[in-house]
Amino acid sequence: MVSEDRQTGEVLGACSRMVQERRLGARLTVVEGTGTGASAAVDAQEGLVAGALPSDTPSSVMADASTLMEREKSMTVSYGDRDVFIDVIIPRPHLIIFGAVHIAQALCALGRHLDFDITVSDARPAFLTPERFPYADQLLVGWPDELSGWLSFDQRSYVVVLSHDDRFEAPLWPLLLRSPVRYIGAMGSGRTAAARRARLAEAGYSSEEISRIRGPIGIEIGAESPAEVAVAILGEMISTRRQAQTPLELNGRPRRPARDARP
C-alpha cells in the first residue's frame, strides 16, 4: 500500500510535469466526506497518471473531469456525501497562424494580450521576420507539409489560415481536419469558402470534418481594417474556447465556485 504522503507527492509530481509539458489535465481531491484528502492526477490524453480516489467513488467523476478539462473550468462536484474538487490544469492556448500578412501582425499583438503562445508560419522568409512579428513566440519558414514535425496540433491549438492560395492550404487539411484542434479558421469570402468546401468534399472529407473550418472567418462585426478583422477572429476563438452557449452537463452536482473550494 502506498503511504498517503508518497501518494500526494506522486500526484503533485505528475501535475508539475503536466504544467511543464503544457498538457491539459486535472488534480482531483476529496475535500469533504469519506476519504478526505485522497487525490489523483488525470491527463486529458492518458487518463489517470498518479494517485487514486477512494474505491467507492463513482466512476462518473472521471467523465466529469473530462468535461471540465474540455471546458477549462475548475469546480467542486458532489457525489452523494462526498465532494471532489476537480482542479483543471490549463496550458496556454496555442495560436498557430499560417500566412505572414497584415492581419497576422494584428492577431499576434492582440493574441499576446490574451496570453496565447503564438506561432506564425509562411513560406516567404522576407515576410516572416522578428521586426514584423515582435509578439510571436515562434516563427517557422516553410510550406505546411514541411513543418508538420515542428508543430503539435492538439486540443489547445487554435489555427488560423490567412493564405488565399490553395497550394498553401491544401497540405494543411490532412493535418488539421482529423486532429483534435479546438478551432480552425480560414480567410476568404463566402464564395471562396464554398469552393473550398467543394474541393474538400471531392477529396473525400466528410461534411462533419469540413464543417470544422470557420469560413468566412470571424464573428460578424462589419470588420474592415486588419485590426478589426483580428478582433473578429479572436472573438470567434474565445467563443469556441469558452463554449458560452453550451450548457455545462455533469453527472455530479456542482458545488462552490473554484475560488472558494481549493483545499
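Remember, predicted model here, so these are calculated numbers, not experimental data.

**Student:** When you look at the environment of phenylalanine 168 in this model, what are you seeing that I'm missing?
**Tutor:** For phenylalanine 168, the location among the structural elements is in helix H4 (residues 166-169). On the accessibility criterion, phenylalanine 168 (6% relative accessible area) is buried. For the pair formed by phenylalanine 168 and aspartate 122, sequence separation is 46 residues and the distance between their alpha carbons is 9.1 Å. Setting aside its immediate chain neighbours within four residues, phenylalanine 168 contacts Phe98, Gly99, Ser121, Asp122, Ala123, Gly142, Trp143, Pro144 and Ser163.

**Student:** Would you mind showing me how to read the confidence of the model for the protein chain here?
**Tutor:** Of the residues in the protein chain, 95% reach a pLDDT of 70 or more, and the chain-wide mean stands at 90. Ignoring residues within four places in sequence, the model shows residues 258-263, a span with pLDDT below 50, making 12 contacts including any to other chains.

**Student:** Which parts of the structure should I look at to understand the pattern of salt bridges?
**Tutor:** Side-chain pairing between opposite charges can occur once the charged atoms of the two side chains come close. Applying the stated criterion to the full structure yields 16 salt bridges. In this structure, arginine 92 and aspartate 115 form a salt bridge, with 3.4 Å as the shortest nitrogen-oxygen distance. Placement of the pair is arginine 92 in the loop between strand E5 (82-89) and strand E6 (94-98) and aspartate 115 in the loop between helix H3 (102-113) and strand E7 (117-122), with a sequence separation of 23 residues. You can call arginine 92 partly exposed: its relative accessible area is 26%. Look at aspartate 115 and you get partly exposed, because its relative accessible area is 45%. As a salt-bridge pair, glutamate 169 and arginine 196 come within 2.9 Å of each other at their nearest N and O atoms. A residue pair is termed long-range when its members are at least 10 positions apart, and glutamate 169 in helix H4 and arginine 196 in helix H6 (residues 190-202) qualify at 27 residues. What makes glutamate 169 buried here is its relative accessible area of 2%. Because the salt bridges share partners, they merge into one network encompassing Glu72, Arg182, Arg241 and Arg242.

**Student:** Can you help me understand the side chain of threonine 240 in this one?
**Tutor:** Locating threonine 240 in the fold gives a position in helix H8 (residues 226-242). Of note is the side chain of threonine 240, whose polar atom sits 3.2 Å from the side chain of arginine 214. Separated by 2.9 Å, the side chain of threonine 240 and the backbone oxygen of glutamate 236 make a polar contact. Filtering out sequence-adjacent residues up to four positions away, threonine 240 remains in contact with Arg182, Tyr183 and Arg214.

**Student:** Before we go on, may I ask you to explain unusual backbone geometry in this structure?
**Tutor:** Working note: non-glycine residues mostly have negative phi, and peptide bonds are mostly trans. In this chain, glycine 215 is followed by proline 216 through a cis amide linkage whose omega measures 0°. Within the secondary structure, proline 216 is located in the loop between strand E11 (213-214) and H8. Phi is positive for arginine 22, which is not a glycine, with a value near 55°. You can see arginine 22 is positioned in the loop between helix H1 (4-20) and strand E1 (25-32). The exposure class assigned to arginine 22 is partly exposed, which follows from its relative accessible area of 36%. The residue aspartate 115 is not glycine, and still its phi comes out positive at about 65°.

Here is what the cut-offs are and how they apply
- Residues numbered from 1 in each chain as written.
- Predicted model: local features only at pLDDT ≥ 70, side-chain atom pairs only at ≥ 80, totals over all residues.
- Heavy atoms only, no water.
- Helix = DSSP H or I, 4+ residues; strand = E, 2+ residues; numbered from the N terminus.
- Buried < 20%, exposed > 50% of the residue type's maximum accessible area, 1.4 Å probe, protein only.
- Contact = heavy atoms within 4.5 Å.
- pLDDT = per-residue confidence, 0-100.
- Salt bridge = Lys/Arg side-chain N within 4 Å of Asp/Glu carboxyl O.
- Polar contact = N/O pair within 3.5 Å; in protein donor to acceptor, adjacent residues only side chain to side chain.

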